[in-house]
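# Coordinate inspection notes
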Amino acid sequence: MQHTRTWSDVYGSALALFEGRAGGHAWLVAAPPSLAGGLAGELAGVDGKGRVTLVVHEGLTPLLAALREADPRGVIVVAPSALSGGPAISVPERVVNDAGGVEYREGGEFPAWTGADDVGGPAGGCAAASAAAQAGAAVVVVGPENVAEALSAWMDRTPHGR
């Protein structure tokens, strides 16, 4: 996929768009800054149709905004290691006032989730995956070194995905 655009959102998150061949679906890859270093290269190495939006975010509000904007077929959440599912999560409410120049409230209750693919790994808490599940998105949680593999596998099993 070809990197075609980079921008930042109102929350101060970095976003990048990768586009493949015509057709296909929209996908979202969500990562914290600490795990985002090699993701552009991972995504550039994927051969597929559609588009992938990468959001590098701190907190859940920027992720939820990216989900609404991208309306993806699925979300790949980047975590330290793969998870197969996780429990409901309670994120303490707080006010964020130092990201991108806008003040917003963050936090709340997020549901348990089950991975949309068998990527292995134990069950474990992942606030980003729970937030994606609450938004109605199919979610997979993998380590940063497995993003291209997970995206390719998802495209392969999706009609018109590859």
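Before reading on, note that the structure itself is shown above.
Residues numbered from 1 in each chain as written. Predicted model: local features only at pLDDT ≥ 70, side-chain atom pairs only at ≥ 80, totals over all residues. Heavy atoms only, no water.

Right, let's talk about the side chain of threonine 158 for a bit. Mapped onto the elements of the fold, threonine 158 is located in the segment after helix H4 (147-156). Only 2.6 Å separates the side chain of threonine 158 from the backbone oxygen of tryptophan 154, close enough to count as a polar contact. Contact partners of threonine 158, with chain neighbours within four places excluded, come to His25, Trp27 and Arg73. (Helix = DSSP H or I, 4+ residues; strand = E, 2+ residues; numbered from the N terminus. Polar contact = N/O pair within 3.5 Å; in protein donor to acceptor, adjacent residues only side chain to side chain. Contact = heavy atoms within 4.5 Å.)

In any sheet, the strands associate via hydrogen bonds between backbone groups, in a parallel or an antiparallel arrangement. The six strands are arranged E1-E2-E4-E3-E5-E10 in an open sheet whose pairing can be described as mixed. Strand pairing shows two members of the sheet lacking a second neighbour, strand E1 (2-8) and strand E10 (139-142), which therefore form its edges. Neighbouring strand axes in the sheet, compared pairwise and without regard to direction, differ in orientation by 20 degrees on average. Across seven bridges, strand E3 (residues 21-31) lies against strand E4 (residues 49-56) in parallel orientation. Within the sheet, the bridge partner assigned to alanine 31 lies in E4 and is valine 56. The strands touched by helix H2 (residues 61-70) are E1, strand E2 (14-19), E3, E4 and strand E5 (74-78); relative to E3, the strand with the most contacts, the crossing angle is about 170 degrees. (Pairing = 2+ DSSP bridges. Axes fitted to C-alpha atoms, helices over the stretch in contact; angles between N-to-C directions.)

The subject of this paragraph is the nonpolar core. With 27 residues, the main nonpolar core has Leu63, Leu67, Cys126 and Val141 as its most contacted residues. Counting only elements with at least two residues in this core, the list comes to E2, E3, H2, E5, strand E7 (89-99), helix H3 (127-134) and E10. For valine 141, the residues in contact, after removing those within four places along its chain, are Val77, Ala79, Ser81, Ala82, Leu83, Trp113, Val119, Cys126 and Ala129. Formed by 24 residues, the second largest nonpolar core is a distinct cluster that contains Phe18, Ala31, Val56 and Ala148. (Core = buried A, V, L, I, M, F, W, Y, C linked by side-chain atoms within 4.5 Å. Buried < 20%, exposed > 50% of the residue type's maximum accessible area, 1.4 Å probe, protein only.)

Relative to the elements of secondary structure, lysine 49 occurs in strand E4. Among the residues examined, lysine 49 registers a relative accessible area of 23% and is labelled partly exposed. Every residue in contact with lysine 49, bar those within four places of it in the chain, is listed here: Met1, Arg21, Ala22, Gly23, Gly24, His25, Met155, His160, Gly161 and Arg162.

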